[in-house]
Structures are given as structure tokens and as C-alpha cells.
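Reading the structure
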Amino acid sequence: MTGLLCYCRQGFEPELAGELNDRAGHAGIAGYARTQRNDGYVVFVTDEAEALDQRLPWRELIFARQKLRVLAELPQLDASDRITPIIAALEGQQRFGDLWVEHPDSDAGKPLAGLARAFGNALRPALRKAGLLTDKPNGKLPRLHVVFVDGTHAFVCVADTRDSAPWLLGIPRLKLLPDAPSRSALKLEEAFMTLLTPEEREALVVPGMRAADLGAAPGGWTWVLTRQHLHVSSIDNGPLRQHVLDTGLVEHLRADGFHWQPETPLDWMVCDMVEQPRRVAERMATWLREGWCKHAIFNLKLPMKKRWDETRLCLDLFADKAGKPLTIRAKQLYHDREEITVFATPRSKGL
């Protein structure tokens with residue numbers, strides 16, 4: 001078979017399948033999504049895998065942690081020799097710059113971590129002997145992925161290093177620091193890593209900028225902003241952790257983050273308030289439309305059902321109500337749960 005293999009959060013396979021089906025249809029590419037709930041991945045089967053791969057950039061996929069193009073599916077591997085059929089499946093392929101052996105981030109997939117590590121160590125020298133893998137990692141060449149979904153069933157895939165997640169399993173490795181006020185800090189850190197390129201982070205997140213954090217208590221997102229040396233207006237009737245206030249970069253305003261607005265335009269607005277997603281989308285659009293901020297990162301809490309439909313509706317509503325051309329990117333991050341995180345900025349040649 002050929003197609004795309006995408007990883008997702010366990011339980012969100014129907015949302016990713018719906019997204020892939022819709023986006024392939026809009027691209028005019030025939031195919032179908034194949035998955036089971038709690039697999040942690042979706043396969044989109046199509047005869048036009050290369051074309052679809054190009055039409056669906058990884059950064060534009062909301063529910064996909066990783067996007068790979070399938071070269072072969074090997075559903076009946078012999079446990080005594082898994083290497084030979086993989087080498088055979090790669091006949092005629094160019095050299096790869098790296099090899100990642102992975103498994104889904106699911107209850108069934110996590111026990112395969114030991115197999116993935118050991119098999120990678122055995123497969124690398126065999127690939128090099130066959131002329132299929134460089135001696136040292138080379139990010140300019142495609143990356144080979146072997147994805148085990150059980151001990152005898154694997155997908156052989158390829159990723160463009162410029163159009164795929166740069167982390168194993170599509171999960172950035174972030175550590176919660178002891179002085180972080182809450183675990184939600186990891187969501188904003190991951191949002192900056194995932195939704196912005198390194199060049200965009202350097203250009204758009206500059207020390208001395210001014211930001212607002214709506215619904216800030218206890219201060220997790222404010223703390224992340226202060227670590228970037230931004231001056232923050234933290235809007236919440238609840239208390240902030242004292243060490244966040246002690247940075248000297250924070251003004252705590254006891255107000256309703258849903259109704260507060262700044263007296264002068266800000267560089268950034270971030271928001272992680274628990275509210276109906278359509279209501280949040282409309283309020284966030286007001287911030288961009290009125291010019292109260294240049295850039296925004298916010299979360300949309302999703303309902304239990306029809307989450308892909310609600311995602312499309314909210315993002316379309318946000319784009320429409322903003323009333324100006326925007327670059328909008330959204331992802332369900334690893335540190336998100338029943339939500340997606342959205343980045344918005346005025347559209348320009350560089351974005």
C-alpha cells in the first residue's frame with residue numbers, strides 16, 4: 001500500500017481521520033482513512049501519496065503529531081528475521097540521512113519501545129551495508145522511519161526533514177522545571193516550539209516586548225513569557241504565585257480576562273481560559289481585529305463529540321471575525337488534552 005501515516009493522541013483517531021479525509025478531498029486526491037480508536041495513528045490510503053504529502057504540510061495538520069509517507073506496509077514479519085523484508089522493501093530507494101524506529105504513543109504501542117531501540121541498533125549497520133543509510137545523520141536527506149504497531153507488523157516510511165516533526169514520536173521532550181507555577185506552562189512552551197519555526201521565534205518573541213495573559217492564575221503562561229523577558233499584564237481575579245510577581249516583569253490586574261482590553265496595543269496576547277470554544281474564538285478575533293495585539297496564542301477547549309467539526313467551525317469563525325488576512329496555525333499539542341492550541345499573526349511574505 002501507499003499513503004500517509006500520521007501519529008495522534010490516543011483516542012483522537014476519528015478527528016485525525018476526519019481531517020485527513022476532508023483535506024484530501026479539498027486537494028482533489030482520492031483515498032480513505034484507515035484506523036481504529038486508541039491505535040494512536042491513522043493511515044490514509046491513496047495512490048497519490050507523494051502529491052498528498054506535498055499538499056498537506058505537517059505544520060498545517062491539526063491532529064497529526066507526525067506525518068510520514070508510507071513506502072511499504074509489512075503486516076506479517078517473521079520475528080526471527082525482520083531486517084531482510086525491510087531491506088527488500090527499500091529496493092530502488094535513495095540513501096536516507098537518518099533512521100528512526102518508532103511505535104505509536106498508545107497503550108498497545110508503548111510496550112514496543114524496547115523492541116524499537118534494539119531493532120534500530122540492528123537495522124542501522126544492515127542499511128549502511130546496503131548503501132541505504134549515511135554513516136552519520138544528514139538532515140539534508142530524507143529520514144527513514146520504521147514504525148512497529150505490533151511485534152510482527154511494521155510500516156516503512158519516509159519523512160522530509162523540512163516538513164515533519166523533528167522529535168521521536170512527534171513529541172517534543174520538555175521538562176517541567178521546579179519553579180513552574182503549573183503544568184500548563186508546558187503547553188505554551190510546546191506551542192512556541194511547534195507552531196513557530198526557529199526563525200519565527202527569533203523574529204517574533206523579542207525581549208522587552210509587551211504581552212497580556214488572559215486568565216493567568218496561577219501564572220504558568222505568564223512565567224513562560226517572563227522567561228523570554230517579556231513584560232506581562234496578567235489578567236485574572238485569582239492569585240498568581242509570588243515568585244512570578246517577583247520577576248519585576250509582571251503587572252497583575254484583577255479583572256475578568258474575557259472582557260478586559262489593553263489601553264495601548266500589545267505585541268502578544270495568550271489565553272488558556274476554560275470557556276466555550278466558539279465564544280473564545282470570537283473574543284480572540286476581536287483582539288486581532290481591533291489591533292489590541294499583533295500575535296496571539298490561545299486554546300480552544302473541544303466538546304466530547306464532533307470535535308473535528310467543532311474545530312473547523314471555530315477556526316473558520318475566528319478567521320472570519322478577525323476581519324483581516326492572518327496566518328493561522330493550530331495543533332493538538334502533546335501537553336494538550338481535550339483542546340487545540342492556535343497561533344495567529346498578520347499575514348506577510350515571511351509567514
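I will try to describe carefully the structure that is included in this document. (Residues numbered from 1 in each chain as written. Predicted model: local features only at pLDDT ≥ 70, side-chain atom pairs only at ≥ 80, totals over all residues. Heavy atoms only, no water.)

Another point: the pairing of strand β11 (residues 266-271). Counting buried positions along β11 yields six of six residues, so the element is predominantly enclosed. As judged from the four bridges shared by strand β8 (residues 210-214) and β11, these two strands associate in the parallel manner. From the neighbouring strand, Leu214 faces β11, where its bridge partner is Cys271. Pairing of β11 with strand β12 (residues 293-301) involves five bridges; the strand directions are parallel. The residue bridging Met269 from the neighbouring strand is Ala296, located in β12. Following the backbone out of β11, through helix α9 (residues 277-289) and into the adjacent parallel β12, one traces a crossover that is right-handed. (Buried < 20%, exposed > 50% of the residue type's maximum accessible area, 1.4 Å probe, protein only. Helix = DSSP H or I, 4+ residues; strand = E, 2+ residues; numbered from the N terminus. Pairing = 2+ DSSP bridges. Right-handed = clockwise from strand over helix to strand, strands pointing away.)

Below, the discussion takes up the sheet that holds strand β2 (residues 32-34). Sheet strands pair via backbone hydrogen bonds, and the direction of the pair is either parallel or antiparallel. Spatially, the seven strands line up as an open sheet ordered β2-β3-β1-β4-β7-β6-β5, and their pairing is mixed. Both edges of this open sheet fall to β2 and β5 (98-102), since each of them pairs with a single strand only. Between one strand axis and the next, the sheet turns by 30 degrees as a mean value, whatever way the strands run. Bridge count for β2 against strand β3 (residues 41-45) is three bridges, and the pairing is antiparallel. Paired with Arg34 across the bridge in β3 is Val43. (Axes fitted to C-alpha atoms, helices over the stretch in contact; angles between N-to-C directions.)

In this section: helix α7 (residues 220-227). A large share of α7 lies buried, amounting to seven of its eight residues. Within α7, the full set of buried residues consists of Gly220, Trp221, Thr222, Trp223, Val224, Leu225 and Thr226. Within two residues after α7, His229 carries a phi angle of roughly 65 degrees, on the positive side.

A word on the sheet that holds strand β14 (residues 339-346). Read across the open sheet, the seven strands follow the order β10-β9-β8-β11-β12-β14-β13; overall the sheet is mixed. Two strands in the sheet have a free side with no partner beyond their single neighbour: β10 (250-253) and β13 (326-331). Within this sheet the neighbouring strands show an average axis-to-axis angle of 15 degrees, counted without direction. By the bridge criterion, six bridges tie β12 to β14 in an arrangement that is antiparallel.

A separate point is unusual backbone geometry. With an omega of 0 degrees, the peptide bond running from Ala217 to Pro218 counts as cis. Mapped onto the elements of the fold, Pro218 is located in the loop between β8 and α7. Although it is not a glycine, Asn38 sits at a positive phi angle of roughly 75 degrees. Structurally, the position occupied by Asn38 is in the loop between β2 and β3. The class for Asn38 is partly exposed, based on a relative accessible area of 38%.

Note on placement: Glu73 falls in strand β4 (residues 66-74). In terms of polar contacts, Glu73 uses its side chain to reach the side chain of Arg34, at 2.9 Å. A polar atom in the side chain of Glu73 sits 2.7 Å from the side chain of His153. (Polar contact = N/O pair within 3.5 Å; in protein donor to acceptor, adjacent residues only side chain to side chain.)

Let us now look at the nonpolar core. Judged by nonpolar contacts, the single largest core of 50 residues is most densely connected at Leu214, Trp287, Phe298, Leu300 and Phe318. In this view, Phe318 contacts Ala281, Met284, Ala285, Leu288, Phe298, Leu326, Ile328 and Ala344; residues no more than four positions away in its chain are not counted. In this structure, Phe192, Val232, Val244 and Val270 belong to the second largest nonpolar core, which totals 26 residues. (Core = buried A, V, L, I, M, F, W, Y, C linked by side-chain atoms within 4.5 Å. Contact = heavy atoms within 4.5 Å.)

Under the definition given, this model contains zero disulfides. We note that Cys157 lacks a disulfide partner, and the nearest cysteine sulfur, in Cys6, lies 9.6 Å from it. Residue class for Cys157 comes out buried when judged on its relative accessible area of 0%. (Disulfide = S-S within 2.5 Å.)

It is worth spelling out helix α4 (residues 113-129) at this point. An ideal rise of 1.5 Å per residue puts 24 Å on 17 residues; α4 measures up with 25 Å between its terminal C-alpha atoms. In the structure, α4 departs most strongly from a straight axis at Gly120, where the bend amounts to approximately 25 degrees. Among the residues of α4, those classed as buried are Ala113, Ala116, Phe119, Gly120, Leu123 and Leu127. A positive phi of about 75 degrees marks Gly131, the residue just after α4. (Expected span 1.5 Å × (residues − 1). Bend = angle between axes of the 7 residues up to and from the residue.)

This part takes up the side chain of Lys187. Along the chain, Lys187 turns up in helix α5 (residues 185-195). Look at Lys187 and you get buried, because its relative accessible area is 9%.

So, about the environment of His231. Along the polypeptide, His231 turns up in strand β9 (residues 231-235). In sequence terms His231 and Leu266 are 35 residues apart; their C-alpha atoms lie 9.9 Å from each other. Excluding anything up to four places from it in sequence, His231 contacts Gly208, Met209, Arg210, Ala211 and Leu249.

This part covers the packing of aromatic side chains. Taken as a whole, this structure holds 10 aromatic pairs when the rule is applied. Relative to Trp308, the ring of Phe63 has its centre 6.3 Å away and its plane inclined at 75 degrees; by these criteria the two rings are edge-to-face. You can see Phe63 sitting in the loop between α2 (49-55) and β4 and its partner Trp308 sitting in helix α10 (residues 307-322), a full 245 residues away along the chain. Overall, Phe63 belongs to the buried group, its relative accessible area being 1%. Grouped by ring-pair contacts, the aromatic residues Phe12, Phe63 and Trp308 constitute a single cluster. The positively charged end of Arg307 is found above the aromatic ring belonging to Phe12, 3.8 Å away from the centroid. (Phe/Tyr/Trp six-rings, centres within 6.5 Å; stacked < 30°, edge-to-face > 60°. Lys NZ or Arg CZ within 6 Å of the ring centre and 35° of its normal.)

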